[in-house]
Amino acid sequence: MTDTRQKMPKAISPLPIGSTIGILGGGQLGRMLAMAAANLGMKTHIYCPEPGSPAFDVSLFHTVASYDDMQALAQFARNVDVVTYEFENVPAETARRISGITRLAPGEKPLRIAQDRLLEKQFLQSIDIPIAPHRPVTDISDFQAALQAIGTPCVLKTARLGYDGKGQRIVKNLKNAETAFGELAGVELVLEAFIPFEKEISIVIARDEAGNCVVFEPSENVHKNHILATASVPAAINKHTFDMAISNATKIANALNYVGVLAVEYFVTGTGDTQQLLVNEIAPRVHNSGHWSQDVCPVDQFGQHIRAICNWPLGDTKRLADVVMRNLIGDEINTFTNNLQPNEHPHIYGKSEPRKGRKMGHINAIFPKSAQTP
Ligand code: AMP
C-alpha cells in the first residue's frame, strides 16, 4: 500500500515566539512590519543596502549589504526562520538565493509578476480579471502601432521599476507622443489606454498557507503629484463594486498561491449602478493604502502579514470606525504637530531628511462609524 501522506504538501507548523523574521528592505514598511513582529514576540533582522535605514531603529538585527551580495544574503538567510520583503523590486536572483536556504513568503512568483507590468497584465488576463486595454512596446514601430490601436489620451509606462508615477508619461495627443516615447525609450514599455476613472480604490487581502483569505475593506484613494495623498474608509462605492473588489482580490491571491498580505489597486469607472472595476496593479506586500487599518481594526495589515507568514491563524479585520489616512510628505513633517487633533494618530517613520516627495509619516484621523458598509 502506498503512503499517500508522502504526497501531501508539507504542512508548516506555526513559528514559535522568539523566532526571527528576515525582512528585505529597511524603509517605513519594513519598520512597521518589524514593530508588528515585536508585538507578537518575534525578533526581526532587516537586510538593506542603505545605512541608517528607518527600520534599523526598531529591529534587533540588521545587515547593510547590497541585494546582489550572495554571501551576505546566504548568511542572512541562515540566521532567520522565514524571509519576507517590503518592496516588489527584489532582484529575482536575490529571491532565488534566499528560497534555496529558507522559506520566502510571499514566494518568488508574486515578485516576478509584480515587477513587470506586462507579465502582470498577462497574468491578470489569464484569470479573467478586467484591466485597461494595452499593448507592449519595444521600438518606435510598436509604439506607432500601439498608438493607432489604443488612441489618445493614453499612458506610456516602463514595464519595470516604476513607482509613484516615475517611469510614466501621459500621451495627450500625437504631438506629445514622440516626446513621451523619446523620454522613456530604451527599455521595455507598455502603452495603456487612459482610464477616465471616477475614483481609485484598493484592497488589502491576506492569505495563509492553508488558503484562507481575510480582506480589509476597500479604501478610496486620492493621489497628488502621482503620490498617494489620502486613503479613506468606507469608500463611496456600491455593493456590486465592493463585492467585486473582494472577489477579484481573492481570485488573484488564490491564483498566486499567495502567503501574506497583498494589495490590489483598482480604477472605478462609471457611477451608480454602472460602476465597473479595472485592476491597475498589484503589490505583493503591505501597502500605503492599508495604513488606515492600524488604528481602526483589531488586527492591522502589518500584524496580519506577520501572522500569515508565521503560519499563525489570521486575525479579525472588522473596521471599528471611519478613518482617513493622510500621508505626511516632505516638509509637512515639520508642522503637523501645530494643529494635531485628539482624533488624529500620527505614525512617524524616523527619516532624517524631509526631501521633496519623500514619505515621512502618516496620520490616521478617526471618526465615529457612519453608514453601514455596502
Ligand atoms: P501606477 O504607477 O500604474 O500605479 O500609476 C500611478 C497613478 O497614475 C495611478 O494611481 C493613477 O492615478 C494614474 N494612472 C496610471 N495609469 C493610468 C491609466 N491607464 N489611466 C488613468 N490614470 C492612470
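K.L.:
Provide a residue-level description of the overall build of the protein, including the pertinent values.
P.N.:
From N to C terminus, the protein includes 10 helices and 17 strands. Projecting the C-alpha coordinates of the protein onto the three principal axes gives extents of approximately 60 × 55 × 50 Å. The buried share among the 374 residues of the protein stands at 52%. Summing over all exposed atoms, the protein offers an accessible surface of approximately 17300 Å²; the carbon and sulfur share of this is 52%.

K.L.:
Please provide a residue-by-residue account of the site of the ligand, values included.
P.N.:
Close contacts around the ligand come from 15 residues, with Lys-157, Glu-192, Ile-195, Glu-200 and Glu-281 the closest. Within the side chain of Gln-168, one N or O atom sits 3.0 Å away from an oxygen atom of the ligand. Of the residues belonging to the shell around the ligand, the class tally is 6 nonpolar, 4 polar and 5 charged. Taken domain by domain, the shell around the ligand gets at least three of its residues from each of domain 2 (133–193) and domain 3 (199–367).

K.L.:
Quick one: what's the story with the packing of aromatic side chains, residue by residue and with numbers?
P.N.:
Scanning all chains against the criterion turns up 6 aromatic pairs. Ring centres of Tyr-67 and Phe-87 lie 5.3 Å apart, and the angle between their planes is 45 degrees; on these two criteria the pair is classed as tilted. Taken as a pair, Tyr-67 in the loop between β3 (61–64) and α2 (70–78) and Phe-87 in the loop between β4 (82–85) and α3 (92–99) lie far apart in primary sequence, 20 residues in all. Classification of Tyr-67 by relative accessible area gives buried; the value is 15%. What makes Phe-87 partly exposed here is its relative accessible area of 21%. Members of the aromatic cluster, connected to one another through ring pairs, are Tyr-47, Tyr-67, Phe-76 and Phe-87.

K.L.:
Run through the pairing of strand β13 (residues 260–269), naming residues and quoting values.
P.N.:
Each regular strand shows side chains that alternate between the opposite faces of the sheet. For β13, a buried count of 10 out of 10 residues is recorded, marking the element as mostly surrounded by other parts of the structure. The pairing of strand β9 (residues 199–207) with β13 spans 9 bridges and is antiparallel. By the bridge assignment for β13, Ile-203 is matched with Val-264. Both β13 and strand β14 (residues 276–283) contribute to a ladder of 7 bridges, which runs antiparallel. Its bridge partner lying in β14, Val-268 is registered against Leu-277. What sits between the antiparallel neighbours β13 and β14 is a turn of 6 residues, in which Gly-270 has the positive phi angle 75 degrees.

K.L.:
Mind laying out helix α1 (residues 28–39), listing which residues take part and the relevant values?
P.N.:
Spanning 12 residues, α1 covers 17 Å between terminal C-alpha atoms, matching the ideal 16 Å at 1.5 Å per step. Most of α1 sits out of view: 9 of its 12 residues are buried. Looking only at α1, the buried set comprises Gln-28, Leu-29, Gly-30, Arg-31, Met-32, Leu-33, Ala-34, Ala-36 and Ala-37. At the exit of α1 stands Gly-41, carrying a positive phi of roughly 80 degrees.

K.L.:
Please set out the domain arrangement of the protein residue by residue, giving values where relevant.
P.N.:
What the domain assignment lists for the protein is domain 1 (20–114), domain 2 (133–193) and domain 3 (199–367). Its C-alpha centre places domain 1 at a distance of 33 Å from the equivalent point of domain 2.

K.L.:
Hey, could you go over the environment of Gln-275 for me, with residue numbers and the actual values?
P.N.:
Positionally, Gln-275 belongs in the loop between β13 and β14. Setting aside its immediate chain neighbours within four residues, Gln-275 contacts Ala-236, Ile-237, Asn-238, His-240, Thr-241, Val-268, Thr-269 and Gly-270. Reaching out from Gln-275, the side chain makes a polar contact with the backbone nitrogen of Asn-238 at a distance of 3.2 Å. Within the structure, the side chain of Gln-275 is placed 2.7 Å from the side chain of Thr-241, a separation counted as a polar contact.

K.L.:
Give a description of the packing of α1 against helix α10 (residues 301–309) that names residues and reports values.
P.N.:
The contact between α1 and α10 brings their axes to 8 Å, and the two run at 70 degrees. When the axes of α1 and α10 are compared, the pair comes out roughly perpendicular. Crossing hand, α1 versus α10: right-handed. For the pair α1 and α10, contact is made by Leu-29, Met-32, Leu-33, Ala-36 and Ala-37 and by Phe-302, Gly-303, His-305 and Ile-306, respectively. Residue composition of the contact of α1 with α10, grouped by class: 7 nonpolar, 2 polar and no charged.

K.L.:
Any chance you could break down the confidence of the model for the protein for me, citing the residues and the numbers?
P.N.:
Overall, the prediction assigns the protein a mean pLDDT of 93, with 95% of residues at 70 or greater. This stretch, residues 1–8, has a pLDDT under 50; its non-local contacts, to residues over four places away or in other chains, come to 0 contacts.

K.L.:
Give me unusual backbone geometry: which residues, what numbers.
P.N.:
Cis geometry is adopted by the peptide bond preceding Pro-106, which originates at Ala-105 and carries an omega value of -5 degrees. One can find Pro-106 in the loop between α3 and α4 (108–114). For the bond from Thr-152 to Pro-153, the omega torsion is -5 degrees, close enough to zero to count as cis. Mapped onto the elements of the fold, Pro-153 is located in the loop between α6 (140–150) and β6 (154–158). Positioned with a positive phi, Asn-225 is a non-glycine residue whose angle comes to about 50 degrees. Relative to the assigned elements, Asn-225 resides in the loop between β11 (219–224) and β12 (227–233).

The rules we used
- Residues numbered from 1 in each chain as written.
- Predicted model: local features only at pLDDT ≥ 70, side-chain atom pairs only at ≥ 80, totals over all residues.
- Heavy atoms only, no water.
- Helix = DSSP H or I, 4+ residues; strand = E, 2+ residues; numbered from the N terminus.
- Buried < 20%, exposed > 50% of the residue type's maximum accessible area, 1.4 Å probe, protein only.
- Areas by Shrake-Rupley, 256 points an atom, 1.4 Å probe, with all protein chains shown as cover.
- Near = heavy atom within 4 Å.
- Polar contact = N/O pair within 3.5 Å; in protein donor to acceptor, adjacent residues only side chain to side chain.
- Nonpolar A, V, L, I, M, F, W, Y, C, P; charged D, E, K, R; others polar.
- Domains from an automatic or database assignment.
- Phe/Tyr/Trp six-rings, centres within 6.5 Å; stacked < 30°, edge-to-face > 60°.
- Pairing = 2+ DSSP bridges.
- Expected span 1.5 Å × (residues − 1).
- Contact = heavy atoms within 4.5 Å.
- Axes fitted to C-alpha atoms, helices over the stretch in contact; angles between N-to-C directions.
- Parallel < 35°, antiparallel > 145°, perpendicular 65-115°, else oblique.
- Left-handed = near helix turned anticlockwise from the far one by under 90°.
- pLDDT = per-residue confidence, 0-100.

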